[in-house]
Amino acid sequence: AAATELMSQQSFAPRSVLELERVHDFWLLLNQPERANQFLQAHRTAALQADDRSSADTEVRLALSDIQSRLEFDPASAVPLLLPTAQAMSALPHDLDIDGYWSGWHAMAHKAQAWDAAEAGLDLQRTRERNDPDNDSAQAYGDAMTLVRKAELAHQRGDAARAAQQ
């Protein structure tokens, strides 16, 4: 409670996306997801403009943070953000290691019980993996894992017939 009160008394102006993410995450640690999201929304544009180290994945990282905090106070507002974020992740350059982004995205889609978005995300992720020349030797494995994950999604949504088909 004391940390929340002290944070509330401060006026933070992040000078980079990393600072924005850190303060957002700190609000989440204080169990203040709505404040975390308000902070993110208030400083997003300025942090993106001020950050000279911005990279291709910067917008995706902020979109994931947006979804993360929304899931805690307004899950319905997070669901429509899932698919566009997955589409943005799938378009990132292959030289970026975004496995952690996909893992977090899938966990959030699961938490939201957004099964259709989760399945579309699996397809987008698999397409990105197929197009990565570094994955040439693991195509069959990747396809098999995607089918298993789709079967798990079908089971979670209660679609036993579809789960058996996967």
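First things first, this report covers the structure right here in the doc. (Residues numbered from 1 in each chain as written. Predicted model: local features only at pLDDT ≥ 70, side-chain atom pairs only at ≥ 80, totals over all residues. Heavy atoms only, no water.)

**Section: the overall build of the chain**
Phase 1 of the analysis: In terms of helices and strands, the chain carries nine helices and zero strands.
Phase 2 of the analysis: In the chain, the order of α-helices and β-strands from amino to carboxyl end is α-α-α-α-α-α-α-α-α.
Phase 3 of the analysis: Each principal axis of the C-alpha atoms in the chain carries an extent, and together these give about 55 × 35 × 20 Å.
Phase 4 of the analysis: Considering the chain as a whole, with its 166 residues, one finds that 40% of them fall into the buried category.
Phase 5 of the analysis: Once local pairs closer than 6 in sequence are excluded, the contacts in the chain between residues at least 24 apart make up 57%.
Phase 6 of the analysis: Per element, the accessible surface of the chain, about 9,400 Å² overall, is 51% carbon and sulfur.
Phase 7 of the analysis: On the chain, the mean spot of the 15 positive side-chain charges and the mean spot of the 25 negative ones are 2 Å from each other. (Helix = DSSP H or I, 4+ residues; strand = E, 2+ residues; numbered from the N terminus. Buried < 20%, exposed > 50% of the residue type's maximum accessible area, 1.4 Å probe, protein only. Contact = heavy atoms within 4.5 Å. Areas by Shrake-Rupley, 256 points an atom, 1.4 Å probe, with all protein chains shown as cover. Lys, Arg positive; Asp, Glu negative; His and termini not counted. Charge placed at Lys NZ, Arg CZ, Asp CG, Glu CD.)

**Details of unusual backbone geometry**
Phase 1 of the analysis: Of note in the backbone geometry, N31 takes a positive phi value of approximately 60 degrees without being a glycine.
Phase 2 of the analysis: Counting through the fold element by element, N31 comes out in the loop between α2 (17-29) and α3 (33-50).
Phase 3 of the analysis: A residue is classified by how much of its surface remains accessible, and N31, at 61% relative accessible area, is exposed.
Phase 4 of the analysis: Backbone geometry places Q113, a non-glycine residue, at a positive phi of 55 degrees.

**A short note on α2**
Phase 1 of the analysis: Here α2 spans 18 Å end to end across 13 residues, near enough to the 18 Å set by a 1.5 Å rise per residue.
Phase 2 of the analysis: All buried positions along α2 are accounted for by V17, L20, E21, V23, H24, W27 and L28. The buried residues of α2 all sit within an arc of 170 degrees when viewed along its axis, so they share a single face. Exposed and oriented more than 90 degrees from the buried face of α2 are R22 and L29. (Expected span 1.5 Å × (residues − 1). Arc of directions from axis to C-beta.)

**Thoughts on the layout of surface pockets**
Phase 1 of the analysis: The computed volume of the largest pocket comes to approximately 420 Å³.
Phase 2 of the analysis: For the largest pocket, the lining is made up of 20 residues, of which D99, W102, Q125, E129 and N135 are closest to its centre.
Phase 3 of the analysis: Contributing elements (two or more residues each) for the lining of the largest pocket: α6 (99-111), α7 (115-130) and α8 (139-156). (1 Å grid on protein atoms, 1.4 Å probe; cavity = no way out; pocket = protein on both sides within 12 Å on 5 of 7 lines; lining within 4 Å. Points joined across faces, edges and corners; volume = space filled by probe spheres on them.)

By themselves, these figures tell us nothing about what the structure is for.
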